Amino acid sequence: HRPAVASIALGGNHSAAITEGGVLWTWGYGGSLWHGAGGCGQGRRGEVSRPEMVMPFVSQGIEVSQVACGDLHTLVLDRQGRVHSTGQ
């Protein structure tokens, strides 16, 4: 079973999707040691070649309601009204 996509966001170097249940997925360029490290929120630099769940949110039980992608960062609004950011 693949969860349905509720919304997507496109940035300059990466993209994000929220699936049913508030799970955040990201893919694209995650930055480098010198430029934009961590933009995808995966806890690592470099390319994320296909959509991957952002496990820090999943492991903490954070359900995402909105997402916006910049060139090298991601902003997330969770269902509790808190704002989270990744990257630079």
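Everything below is about the structure shown above.
Rules behind the numbers
Residues numbered from 1 in each chain as written. Predicted model: local features only at pLDDT ≥ 70, side-chain atom pairs only at ≥ 80, totals over all residues. Heavy atoms only, no water. Helix = DSSP H or I, 4+ residues; strand = E, 2+ residues; numbered from the N terminus. Buried < 20%, exposed > 50% of the residue type's maximum accessible area, 1.4 Å probe, protein only. Contact = heavy atoms within 4.5 Å. Pairing = 2+ DSSP bridges. Axes fitted to C-alpha atoms, helices over the stretch in contact; angles between N-to-C directions. 1 Å grid on protein atoms, 1.4 Å probe; cavity = no way out; pocket = protein on both sides within 12 Å on 5 of 7 lines; lining within 4 Å. Points joined across faces, edges and corners; volume = space filled by probe spheres on them. Nonpolar A, V, L, I, M, F, W, Y, C, P; charged D, E, K, R; others polar.

Draft legend 1. The arrangement of the side chain of serine 15 in detail. Relative to the helices and strands, serine 15 resides in strand β2 (residues 14–19). Residue serine 15 is classed as buried on the basis of its relative accessible area, which comes to 12%. Aside from chain neighbours lying at most four places away, what touches serine 15 is Ala9, Leu10, Trp25, Thr26, Trp27 and Cys69.

Draft legend 2. Structural context of the sheet that holds strand β3 (residues 23–29). What the 4 strands build is an open sheet, ordered β1-β2-β3-β4; its pairing is antiparallel. Bordering the open sheet on either side are β1 (5–10) and β4 (47–53), each of which pairs with just one other strand. Neighbouring strand axes in the sheet, compared pairwise and without regard to direction, differ in orientation by 10° on average. Pairing between β3 and β4: 4 bridges, direction antiparallel. Bridging across to β4, threonine 26 finds its partner in glutamate 52.

Draft legend 3. Here's a closer look at the sheet that holds strand β6 (residues 73–78). Ordered in space as β5-β6-β7, the 3 strands form an open sheet in which the pairing is antiparallel. Of all the strands in the sheet, just β5 (64–69) and β7 (83–87) have a single pairing partner and so form its edges. Averaged over all pairs of adjacent strands, the angle between strand axes in this sheet comes to 20°, irrespective of strand direction. The pairing of β5 with β6 spans 5 bridges and is classified as antiparallel. Following the sheet pairing, valine 64 is matched in β6 by aspartate 78.

Draft legend 4. Representation of the layout of surface pockets within the structure. Taken as a whole, the largest pocket encloses approximately 160 Å³ of empty space. Lining the largest pocket are Arg2, Pro3, Val5, Ala17, Thr19, Trp25, Trp27 and Pro51. Those elements giving two or more residues to the lining of the largest pocket turn out to be β2 and β3. Residue composition of the lining of the largest pocket, grouped by class: 6 nonpolar, 1 polar and 1 charged.

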